[in-house]
Amino acid sequence: MTNLEQDATQFIDAQPSGFHLVHNAVSNETWEVIQRWLSSNMLPSSANEPSNLMCVPIPWETGEQMQGRVIAQFGSCKYDYTVDDAVLCDQSTTIQIPSYIRETLLENEGGDDEEHYTQCIINVYEANNEIPWHLDHKNFGDKVLVYTFGEERPLLLRKPIPHNDDTFGSIGLQQPEEEYTFHISRVYPRHCSKYILQGSARNEWEHSVPSGSGKRVSITFRSWRGAK
Ligand SMILES: O=C(O)CCC(=O)C(=O)O
Ligand SMILES: [Fe+2]
């Protein structure tokens with residue numbers, strides 16, 4: 001059991017509604033190209049010209065707020081870790097989602113659902129890095145798409161089990177979080193998998209990724225729903 005699972009009281013086999021996992025969603029060749037760009041700290045601006053002159057530097061960020069993970073964000077909105085908020089980027093400072101990433105990972109994602117991804121975050125997890133329990137910020141859209149590469153680690157999803165005791169609810173108080181017990185669902189995205197969080201899986205189930213023993217990279221796409 002990982003540290004992130006210690007609070008769990010009930011593991012469930014069922015996957016949350018709105019969760020969808022696809023293995024072999026992208027080829028290893030595509031990953032190898034992306035990996036090369038990541039280690040060169042530059043991303044090409046077009047898949048059609050992988051060795052072209054138009055490269056964009058990767059705006060790496062890291063720090064305590066990211067639990068030591070190294071991340072890079074692209075697109076017209078981002079999570080600002082310094083103020084703990086999802087924000088729209090100033091047009092002059094927006095770094096577009098590199099076309100290579102867009103063309104290789106989003107080419108089949110348009111479809112009928114019209115989801116328009118305007119944000120991309122690359123998370124690089126070394127063996128001792130994790131992502132703690134969280135819900136993606138409510139300002140981001142209802143559908144979150146994540147590609148996973150490298151070490152296979154579980155993705156954990158948890159939702160508080162409603163208490164029958166309504167002492168707290170009846171007097172309008174929020175039950176302290178440590179009092180909650182959770183349903184936990186464990187899923188296993190692999191190297192070159194993708195998963196979608198939507199609906200209940202997006203809005204009601206927190207997710208986390210524990211530390212592991214090797215390197216893992218995820219590339220998340222989101223849209224902007226805006227402040228409500
Ligand atoms: O690495 C993952 O699978 C999860 C990434 C994530 O939760 C996020 O970017 O908000
Ligand atoms: Fe997330």
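Everything numeric here is computed off the predicted structure, so don't read it as measured data.

Caption draft 1: Quick look at the overall build of the protein. Looking only at helices and strands, one finds four helices and 16 strands in the protein. Going through the 228 residues of the protein one by one, you find that 29% of them count as buried.

Caption draft 2: Here's a closer look at the environment of Ala86. Along the chain, the position of Ala86 falls in strand β8 (residues 85-88). Setting aside its immediate chain neighbours within four residues, Ala86 contacts Cys77, Tyr79, His137, Asn139 and Phe140.

Caption draft 3: Quick look at the site of ligand 1. Taken together, Ile121, Asn123, Ile131, Asp136, Val146, Thr148, Leu155, His207, Val209, Ser218 and Thr220 make up the full set of residues near ligand 1. Elements represented by at least two residues in the shell around ligand 1 include exactly β9 (119-125), β11 (143-150), β15 (206-209) and β16 (216-222). Per-class residue counts for the shell around ligand 1 are five nonpolar, five polar and one charged.

Caption draft 4: Here's a closer look at the environment of Gly150. If you trace the backbone, Gly150 turns up in strand β11. Residue class for Gly150 comes out partly exposed when judged on the 18 C-beta atoms lying within 10 Å of it. Distance from Gly150 to Gln119, taken between C-alpha atoms, is 22 Å for residues 31 residues apart in sequence. Ignoring sequence-local partners within four residues, the contact set of Gly150 consists of His191, Gly214, Lys215, Arg216 and Val217.

Caption draft 5: Spotlight on the pairing of β11. Within β11, seven of the eight residues are buried, which leaves it mostly tucked inside the rest of the structure. Of the strand pairs in this sheet, β11 and strand β14 (residues 193-198) are connected by six bridges, and their pairing is antiparallel. Considered in β14, the bridge of Tyr147 is made with Lys194. In this sheet, β16 lies alongside β11 in antiparallel orientation, the contact comprising six bridges. Within the sheet, the bridge partner assigned to Phe149 lies in β16 and is Val217.

Caption draft 6: A look at the confidence of the model for the protein. Overall, the prediction assigns the protein a mean pLDDT of 85, with 82% of residues at 70 or greater. Averaged over each element, pLDDT in the protein is lowest for helix α3 (residues 167-170) (52) and highest for β14 (98). Reported confidence for the predicted complex is 0.99 by ipTM and 0.87 by pTM.

Caption draft 7: Region of interest: helix α1 (residues 28-40). Between the first and last C-alpha of α1 there are 18 Å, a value that for 13 residues agrees with the 18 Å anticipated at 1.5 Å per step. Once α1 ends, the next one or two residues include Asn41, with phi positive near 65°.

Caption draft 8: The environment of Leu4, seen in detail. Looking at where Leu4 falls in the secondary structure, it is placed in the segment before β1 (8-12). Assessed through the 20 C-beta atoms surrounding it within 10 Å, Leu4 is described here as buried. Along the primary structure Leu4 and Arg158 are separated by 154 residues, whereas in three dimensions their C-alpha atoms are 10 Å apart. When sequence neighbours within four positions are dropped, the list of residues in contact with Leu4 reads Glu130, Trp133, Leu156, Ser208 and Pro210.

About the thresholds
- Residues numbered from 1 in each chain as written.
- Chains lettered and ligands numbered in written order.
- Predicted model: local features only at pLDDT ≥ 70, side-chain atom pairs only at ≥ 80, totals over all residues.
- Helix = DSSP H or I, 4+ residues; strand = E, 2+ residues; numbered from the N terminus.
- Buried ≥ 20, exposed ≤ 12 C-beta atoms within 10 Å, placed from the backbone.
- Contact = placed C-beta atoms within 7 Å.
- Near = placed C-beta within 6 Å.
- Nonpolar A, V, L, I, M, F, W, Y, C, P; charged D, E, K, R; others polar.
- Pairing = 2+ DSSP bridges.
- pLDDT = per-residue confidence, 0-100.
- Expected span 1.5 Å × (residues − 1).

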